[in-house]
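Summary of the model geometry
One-letter residues, chain by chain:
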Amino acid sequence: MKYLITGGAGFIGTNFIYYMLENHPEYEYVCLDKLTYAGNLANLQKAMEYKNFRFVKGDIADRKFVFDLFEQERFDVVVNFAAESHVDRSIETPDVFLVTNVLGTQVLLDASRKFGVKRFHQISTDEVYGDLPLDRPELKFKETDNLRPSSPYSASKASADLLTLAYYRTYGLPVTISRCSNNYGPYQFPEKLIPLMIINALNDKELPVYGTGQNVRDWIYVTDHCEAVDIILQKGKEGEIYNIGGNCEKKNIDVVRTILEKLGKPESLIKFVKDRPGHDLRYAMDTSKMKEEFGWEPKVSFEKGVEKTIEWYLNNEQWWKEIINGEYLEYYRRMY
Ligand code: NAD
Ligand code: DAU
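So, how was this worked out
- Residues numbered from 1 in each chain as written.
- Chains lettered and ligands numbered in written order.
- Predicted model: local features only at pLDDT ≥ 70, side-chain atom pairs only at ≥ 80, totals over all residues.
- Heavy atoms only, no water.
- Disulfide = S-S within 2.5 Å.
- Buried < 20%, exposed > 50% of the residue type's maximum accessible area, 1.4 Å probe, protein only.
- Near = heavy atom within 4 Å.
- Polar contact = N/O pair within 3.5 Å; in protein donor to acceptor, adjacent residues only side chain to side chain.
- Areas by Shrake-Rupley, 256 points an atom, 1.4 Å probe, with all protein chains shown as cover.
- Helix = DSSP H or I, 4+ residues; strand = E, 2+ residues; numbered from the N terminus.
- Core = buried A, V, L, I, M, F, W, Y, C linked by side-chain atoms within 4.5 Å.
- Contact = heavy atoms within 4.5 Å.
- Pairing = 2+ DSSP bridges.
- Axes fitted to C-alpha atoms, helices over the stretch in contact; angles between N-to-C directions.

Scanning all chains against the criterion turns up zero disulfides. For the unlinked cysteine Cys 180, the closest cysteine sulfur is that of Cys 226, found at 9.1 Å. For Cys 180, a relative accessible area of 3% corresponds to the buried category.

Here it is, written out as structure tokens:
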């Protein structure tokens, strides 16, 4: 079996490649990544030592390039992680989100169709469902819920989901979709909440919390997400959508306080800043389908996951120090 993993030089894609190399050494893997600001070839340095892994630099929205690659490689499985992934950047510059997340996905769907891919798996997000109120804890997103995306990012991901389902219904392309909640863990780009707070705290810099910090996210340690995707690839039914979540809802302010406590840093570093426009209030996933159909449940507790994540950032200072200058500094100054 030959897998194409797009976006594999980013956070979750990198973790997925290592998960698969370890758990399915019998398969062959090709990673296709454009190496945007969020893609980092250094993430894949160890993967390059494996004979059954290869990296290809390229853009999923470049039709000719993608079709040539599919013709040469004859992939059995495509897992599409490639995306512009950061909500705040989508508010600043939506265009690139539509090109990569919508048109790029369409190019991959077309190529998968033409070259007879046996499974196309779209990596989606809980954000396609919109948000939930803070005062109705009994409500959770189900796979059958309507899509109500709030940001240009989530609207582009919802569009990609709809295209994926349309290719199943119209052309019979064997697709599956997984929608996951907020991931954290090694290799996450420090524009996202958890790594940004860890790195700022380590540098005794202010920790910018949007609004009042009451917004709720459902956190999942990245390897739990990788395991769930692997199970869906093996056992998932064509045309189906699967919610993946950590069953771990936390207010942002509590996440930030936990990080400060674990690092032994003072709460005086917290700074409440202007809220994100259209800021989703709460995400919560009903993951009963994954549990009932496959017996899957997340394994890593938030306590343990945050400790492992902090340890990784402490042990990989060079990795993040190389990131937090240049384009990152300009972005940071614009944002905060
Ligand atoms: P990331 O931003 O860390 O990585 C994205 C990767 O895609 C980068 O390596 C980038 O270079 C690559 N890429 C971007 N545009 C490309 C293009 N046109 N062609 C080829 N490669 C391109 O993102 P992430 O957090 O690892 O997210 C991966 C996927 O998971 C995304 O589809 C995202 O929507 C989804 N997701 C993320 C989370 C989360 O919490 N991070 C949760 C649920 C779903
Ligand atoms: O829910 C899944 C989604 O999670 C993925 O689809 C996205 O790709 C991923 O980026 C993530 O989106 P969020 O917007 O939830 O993640 P982010 O880390 O940007 O923010 C988490 C929460 O923390 C959110 O309520 C905004 C808040 N926040 C974020 C940053 C960066 C702050 O308060 N301060 C910050 O500096």
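This paragraph deals with the site of ligand 1. Contacts to ligand 1 come from 28 residues, most closely from Ile 12, Asp 33, Ser 85, Tyr 153 and Lys 157. Separating an oxygen atom of ligand 1 from a backbone N or O atom of Thr 36 is a distance of 3.0 Å. Interatomic distance of 2.8 Å between a side-chain N/O atom of Asp 59 and a nitrogen atom of ligand 1. Compared with its free state, where it exposes 840 Å², ligand 1 has 97% of that area covered by protein. Every element with two or more residues in the shell around ligand 1 is listed here: helix H1 (11-23), strand S5 (119-125), helix H5 (152-171) and strand S7 (182-184). Element by element, the count of residues in the shell around ligand 1 is highest for S5, at three residues.

What follows covers the nonpolar core. By size, the foremost hydrophobic cluster in this structure holds 68 residues, and its most contacted members are Tyr 3, Phe 16, Phe 53 and Val 79. The dominant element in this core, judged by the number of residues it contributes, is H1, at eight residues. Every residue in contact with Val 79, bar those within four places of it in the chain, is listed here: Tyr 3, Leu 4, Ile 5, Thr 6, Phe 16, His 121, Ile 123, Val 229 and Leu 233. Val 56, Val 78, Ala 82 and Tyr 167 belong to the second largest nonpolar core, which has 22 residues in total.

Okay, the sheet that holds strand S11 (residues 249-251) next. The strands making up a sheet associate through hydrogen bonds between their backbones, and the pairing can be parallel or antiparallel. Here three strands make up an open sheet; going across it, the order is S7-S9-S11 and the pairing mixed. Of all the strands in the sheet, the pair left with one neighbour each is S7 and S11. Averaged over all adjacent pairs, the angle separating strand axes in this sheet is 50 degrees, with direction ignored. Pairing of strand S9 (residues 216-221) with S11, which is carried by three bridges, proceeds in the antiparallel orientation. The partner of Val 216 across the bridge, within S11, is Lys 251. Sheet strands in contact with helix H8 (residues 252-263) are S9 and S11, and its direction is about 85 degrees off that of S11.

What is shown is where atoms sit, not what they do.
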